[in-house]
Amino acid sequence: MRRVKRLSAGTVPAGQGTLFDTWRYHAAFTDSPLALRDAERDHRRHAVVEQVIADVTNSGFAHAPSGHLQANAAWLALAALAHNLTRAAGALASACHARATTATIGDRLINVPARLARSARRLTLHLPERRPWSEDFTRLFSTVHAPPAL
């Protein structure tokens, strides 16, 4: 049993009373020979891995398995590569996107509605003006693209 001090009383949903107002209790049942602190750390590490697997499964690896082992292996390699690049882009954009799922990063930073215009042999990308994540997109774009060579 682990006891954690409740920092804010506002975390309790409205209309629900609390049994213990000051502390939150977390029960852990395991047959591991590890001490409680080590077993809890191992459990939390495992939970992070499960979240990454769920994120990859819900994005790039959603169409697997096929009936062919080599196709699944190639699809998994590409899905892992896309997942890592998307998460890296999110980390470069902002702290909020560093913790976001790949679907959220795709919706906010990759699938940006924009208009491409040509004028005087130059391409201009017109981005939406009042998009909530425009600063994050600009930060990502300026970080990834070096200034043009003179």
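Everything numeric in this text was worked out from a predicted model, so none of it was measured.

Caption draft 1: A look at the environment of Gly60. Relative to the assigned elements, Gly60 resides in the loop between helix H1 (36–58) and helix H2 (69–93). Once residues lying within four places of it in the same chain are set aside, the contact partners of Gly60 are Trp75 and Ala79.

Caption draft 2: Up close: the pairing of strand S3 (residues 115–119). Strand direction decides the pairing type here: S3 and strand S4 (residues 122–126), joined by five bridges, are antiparallel. When the bridges of S4 are listed, Arg115 appears paired with His126. Between the end of S3 and the start of S4, which pair antiparallel, lie two residues, with Ala120 showing a positive phi angle near 55 degrees.

Caption draft 3: Examining the nonpolar core more closely. Counting residues in hydrophobic clusters, the biggest one holds eight residues: Ala89, Ala93, Ala100, Ile105, Leu109, Val112, Phe137 and Leu140. Listed by contribution, the elements that provide at least two residues to this core are H2, helix H4 (102–110) and helix H5 (134–144). The residues contacting Leu140, other than those within four sequence positions of it, are Ala89, Leu92, Ala93 and Leu109.

Caption draft 4: Fine view of the packing of aromatic side chains. In the structure shown here, the tally under the stated rule is one aromatic pair. Residues Phe137 and Phe141 carry aromatic rings whose centres are separated by 6.3 Å and whose planes lie at 20 degrees to one another, so their mutual orientation is stacked. Here Phe137 pairs with Phe141, and both are found in helix H5, just four residues apart, close to one helical turn. Judged by its relative accessible area of 16%, Phe137 falls in the buried class. A relative accessible area of 43% means that Phe141 is categorised as partly exposed.

Caption draft 5: Quick look at the pattern of salt bridges. Following the criterion strictly, the structure yields six salt bridges and no others. Between Asp42 and Arg45 there is a salt bridge whose closest N-O contact spans 2.6 Å. Linking Asp42 with Arg45, this pair stays in helix H1, spanning three residues, or about one helical turn. Arg45 sits in the partly exposed class, given a relative accessible area of 48%. A salt bridge links Asp136 to Arg139, with the nearest nitrogen and oxygen atoms 3.2 Å apart. One end of the pair is Asp136 and the other is Arg139, both in helix H5 and three residues apart, which spans about a single turn. The class of Asp136 is buried, set by a relative accessible area of 13%.

Caption draft 6: Representation of H4. What H4 keeps buried is the set Thr102, Ile105, Gly106 and Leu109. The buried side chains of H4 occupy one side of the element, clustering within an arc of 105 degrees when seen end-on. Contacts from the buried residues of H4 go to H1, H2, helix H3 (95–98) and H5.

Caption draft 7: Geometry of a nonpolar patch on the surface. A cluster of nonpolar side chains, namely Leu116, Leu123, Leu125 and Leu127, defines an oily patch on the protein surface of about 390 Å² accessible area. In this structure, Leu116 sits in strand S3.

Definitions and cut-offs
Residues numbered from 1 in each chain as written. Predicted model: local features only at pLDDT ≥ 70, side-chain atom pairs only at ≥ 80, totals over all residues. Heavy atoms only, no water. Helix = DSSP H or I, 4+ residues; strand = E, 2+ residues; numbered from the N terminus. Contact = heavy atoms within 4.5 Å. Pairing = 2+ DSSP bridges. Core = buried A, V, L, I, M, F, W, Y, C linked by side-chain atoms within 4.5 Å. Buried < 20%, exposed > 50% of the residue type's maximum accessible area, 1.4 Å probe, protein only. Phe/Tyr/Trp six-rings, centres within 6.5 Å; stacked < 30°, edge-to-face > 60°. Salt bridge = Lys/Arg side-chain N within 4 Å of Asp/Glu carboxyl O. Arc of directions from axis to C-beta. Patch = residues over 30% accessible without salt bridge, like charges linked within 9 Å, V, L, I, M, F, W, Y side chains within 5 Å. Areas by Shrake-Rupley, 256 points an atom, 1.4 Å probe, with all protein chains shown as cover.

Distances and angles like these do not, on their own, reveal function.
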